[in-house]
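Structural features, examined
Read off the chains here:
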Amino acid sequence: SAAVSGAFSASAPPRPQPRPQLVAATAAAPATATSAPAVVGCRAHGRRSLVLRRVQKETPNRWRLFFACRAAGCNFFEWADGGFPRCKCAGPAPPAAVLRVSKKEASGGRWFFSCRGGKGGGTPAAAAGAAASCNFFEWAQPSHLQPLDGLLHPLT
């Protein structure tokens, strides 16, 4: 019919797709270093499409965890460390500590937080080769790991 074919006109430009937004499972206050972040999900594809990744590039964000959507063409992104403790490095806004897994025999497989500074860290001082670390250490609590449930693997 003519009415239907006119709706799919070849001359009409494609509509831009809206950027997927963060979806909170519950109405909660913004995450702080002491509160767990809301459970996230891609608005367009849901939580099942999420993957947890770690920044590998030599930048100030190196080693940080983030959520991304694995659906083709989706650009959903959200930092995953909003509820992580902050290290004790000097400065007005110390960075979130890095979540790591213990490889020691006595505590193998247990998650912990440590400073991103120092050798191999992602801070500007570390990138310059300086050993800038506050030596922060804290065992991860279940409340820290809950928002990452099902996505966190020792090789993340």
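Reference entry: report on the structure contained in this document. Everything quoted here is computed from the prediction, not taken from an experiment.

Counting secondary structure elements, the protein chain contains 3 helices and 6 strands. Each helix (α) and strand (β) of the protein chain, taken in turn from the N terminus, gives the series α-β-β-β-β-β-α-β-α. Classification of the 156 residues of the protein chain by burial places 35% in the buried group.

Glancing now at the sheet that holds strand S5 (residues 111-114). Spatial strand order, S4-S5-S6: 3 strands in an open sheet with antiparallel pairing. The open sheet terminates on both sides in strands that have one partner only, identified here as strand S4 (98-101) and strand S6 (137-139). In this sheet, neighbouring strand axes are inclined to one another by 30 degrees on average, regardless of whether the strands run parallel or antiparallel. Relative to S6, S5 runs antiparallel, the two being bridged by 3 bridges. Considered in S6, the bridge of Ser-114 is made with Phe-137.

Here we come to the nonpolar core. In this structure, Leu-52, Phe-67, Leu-99 and Leu-148 are the most contacted members of the largest nonpolar core, which totals 25 residues. Looking at this core, the elements that each hand over two or more residues are strand S1 (50-54), strand S2 (65-69), S4 and S5. Residue contributions to this core peak at 3 residues, all from S2.

What counts, and where the lines are drawn
- Residues numbered from 1 in each chain as written.
- Predicted model: local features only at pLDDT ≥ 70, side-chain atom pairs only at ≥ 80, totals over all residues.
- Heavy atoms only, no water.
- Helix = DSSP H or I, 4+ residues; strand = E, 2+ residues; numbered from the N terminus.
- Buried < 20%, exposed > 50% of the residue type's maximum accessible area, 1.4 Å probe, protein only.
- Pairing = 2+ DSSP bridges.
- Axes fitted to C-alpha atoms, helices over the stretch in contact; angles between N-to-C directions.
- Core = buried A, V, L, I, M, F, W, Y, C linked by side-chain atoms within 4.5 Å.

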